[in-house]
Amino acid sequence: MKRTIYLLLIAISSLGGCASHYKLMVPVADIARSGLINDPKQVSRLEKAMTDGEIADLLDVNVRAKLPTGVAVAKLKSRCSGYQPFLATISAEELQGWEKPIGSQAHISGVCPISSLAMSEGKVTLRSLRAAAARMNCELLMVYLQADSSVNNFNDAAVLYWTVIGLWTVPGDVVEHRTVMQAILVDCRTGMILGTATGDAHEKRQCPSAFADNRKNELADKVPVKALADLQKGVGKLLKRVVETAVAKVE
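Per-chain numbering applies: the sequence of each chain, read as written, is numbered from 1 onward. Since the coordinates come from a predicted model, pLDDT governs what is reported: local features require at least 70, and pairs of side-chain atoms require 80 or more to be given and counted, while whole-chain, interface and lining totals use all residues. As a convention, hydrogens and water are excluded, and side-chain values are obtained from all of the structure's heavy atoms.

Let us look at the packing of aromatic side chains. Between 30 and 60 degrees the pair is tilted, below 30 it is stacked and above 60 it is edge-to-face, where a pair is any two Phe, Tyr or Trp rings, Trp via its six-membered ring, whose centres lie within 6.5 Å. Scanning the entire structure with this criterion turns up two aromatic pairs. Seen from their ring centres, Phe 154 and Tyr 161 are 6.3 Å apart, and the 90 degrees between their planes marks the pair as edge-to-face. Grouping residues by exposure puts Phe 154 and Tyr 161 together as buried. When accessible area is computed with a 1.4 Å probe and restricted to protein chains, residues below 20% of their type maximum are described as buried, those above 50% as exposed, and intermediate ones as partly exposed.

This part covers the pattern of salt bridges. Salt bridge criterion: a side-chain nitrogen from Lys or Arg within 4 Å of a carboxyl oxygen from Asp or Glu. All chains considered together, the criterion is met by seven salt bridges. Close ionic contact of Arg 215 with Glu 218 constitutes a salt bridge, the shortest N to O distance being 2.8 Å. Within this pair, Arg 215 and its partner Glu 218 are both found in helix 6 (residues 212–250), separated by three residues, close to a single helical turn. Residue class for Arg 215 comes out partly exposed when judged on its relative accessible area of 23%. One salt-bridge network, in which partners are shared between bridges, spans Glu 203, Arg 205, Lys 222 and Lys 226. Only DSSP runs of H or I covering at least 4 residues are called helices, and only runs of E covering at least 2 are called strands; the numbering of each starts at the N terminus.

Turning to the nonpolar core, a few remarks are in order. In plain words, nonpolar cores are sets of buried Ala, Val, Leu, Ile, Met, Phe, Trp, Tyr and Cys residues tied together by side-chain atoms within 4.5 Å. Counting residues in each nonpolar core, the largest one holds 29 residues, and the members touching the most others are Val 73, Trp 98, Ile 102, Met 142, Tyr 144 and Leu 231. When residues of this core are traced back to their parent elements, those giving at least two are strand 1 (69–77), helix 3 (92–103), strand 3 (108–113), strand 4 (138–154), strand 5 (173–187), strand 6 (193–207) and helix 6.

If you trace the backbone, Pro 224 turns up in helix 6. Remark: the alpha-carbon pair of Pro 224 and Ala 147, spanning 77 residues in sequence, is separated by 9.0 Å. Contacts were defined at the residue level, with two residues in contact if any of their heavy atoms lie within 4.5 Å. In this structure Pro 224 touches Gln 146, Asp 148, His 177, Thr 179, Met 181 and Leu 219, once residues within four positions along its chain are discounted.

We now examine the confidence of the model for the protein. For every residue, the predictor states its confidence as a pLDDT score lying anywhere from 0 to 100. Looking at the protein as a whole, the pLDDT averages 81, with 79% of positions reaching at least 70. pLDDT under 50 marks residues 11–16. Its contacts with residues more than four places away, or in other chains, come to eight contacts.

Secondary-structure assignment places His 177 in strand 5. Within 3.5 Å is the distance limit for a polar contact, defined as a pair of N or O atoms, with the added protein rule that one can donate a hydrogen and the other accept it, and that residues adjacent in sequence qualify only through two side-chain atoms. In this structure the side chain of His 177 is engaged in a polar contact, spanning 3.4 Å, whose partner is the side chain of Thr 179.

As a further point, take unusual backbone geometry. Even without being a glycine, His 107 presents a positive backbone phi close to 70 degrees. Counting through the fold element by element, His 107 comes out in the loop between helix 3 and strand 3.

Bringing the state of the cysteines into the picture now. Any two cysteine sulfur atoms lying within 2.5 Å of each other are counted as a disulfide. Inspection of every chain in the model, using the stated rule, returns zero disulfides. Cys 112 supplies the cysteine sulfur nearest to Cys 138, a cysteine that is in no disulfide, at a spacing of 3.6 Å.

Take the environment of Leu 167 next. Relative to the helices and strands, Leu 167 resides in helix 5 (residues 166–169). Of the residues examined, Leu 167 reaches a relative accessible area of 2% and is grouped as buried. For the pair Leu 167 and Pro 208, spaced 41 residues apart in sequence, the C-alpha to C-alpha distance is 5.6 Å.

Moving on, we come to the side chain of Ser 34. Residue position: Ser 34 is located in the loop between helix 1 (2–13) and helix 2 (40–51). At 2.8 Å, the side chain of Ser 34 forms a polar contact with the backbone oxygen of Ile 31. A distance of 3.3 Å separates a polar side-chain atom of Ser 34 from the backbone nitrogen of Leu 36.

Further remarks concern helix 4 (residues 126–135). Within the span of helix 4, buried status applies to Leu 126, Ser 128, Leu 129, Ala 132 and Ala 133. Down the axis of helix 4, the smallest arc covering the buried residues is 165 degrees, so these residues share one side. Downstream of helix 4 by one or two residues, Asn 137 has phi in the positive range, about 60 degrees. The directions considered for the arc run from the helix axis to the C-beta atoms.

Here we come to the pairing of strand 4. Counting buried positions along strand 4 gives 14 out of 17 residues, so the element sits mostly inside the fold. Paired strands are those between which DSSP finds at least two bridges. Bridge count between strand 1 and strand 4: eight bridges; the pairing is parallel. Paired with Val 73 across the strands is Met 142, a residue of strand 4. As defined by bridge partners, strand 4 adjoins strand 5 across 15 bridges and the pair is classed as antiparallel. Residue pairing in the sheet places Asn 153 in a bridge with Val 174 of strand 5.

Among the residues of helix 3, Glu 94, Trp 98, Pro 101 and Ile 102 are the ones counted as buried. The buried residues of helix 3 all sit within an arc of 85 degrees when viewed along its axis, so they share a single face. Opposite the buried face of helix 3, at more than 90 degrees from it, the exposed residues are Ala 92, Glu 93, Gln 96 and Lys 100.

Structure follows, in structure tokens:
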């Protein structure tokens, strides 16, 4: 109700047009700068990998993964860009989504989600995640970080909100949401980063002000799912190359 009154006052005071142009902030999913990795050399290599398309798939091709094995999966989220990420829960639906790009690979026995119960340390680090993966008998660890950003602007049609009924009938709000994900594939024994992958999704909706919060919540649920699907495609290709490289070295 407060939002409705606020928008009504804005509309009345700006009949000449009330479009706003707040930019959607680019969400930052930066594993290299998340505090997860303590080795400066690894941080440098990972940063280069994420900006250089030629090496963004495989970094440490000289490391041979021990196969067959399961892949331990850890999902991280950050409450604010630049702060230490925390271990997030992987839903059953999300875990099922990982089965196709990971579990369907030759020499990969399945997907093993890492939960907080498997962590022996309070702070989430690459070392603590590797230890958790090792306890689950996984030679490979896949860590992915999710970051989100949203914004709500008014378009020129919002001037009709002054009619009050326009708050429910005029699509004067423009709601946007973007999700970015970054993943690294790690050899648990050596701690070397075998490769990287990214996922990205962005959507916007126009709607009356009265329904803006609903649209915002819908996009907050829908867009991360699309970003995850994009990430999973990249991880599937990456894991296939890692397995092929490991098998080729044995032969």
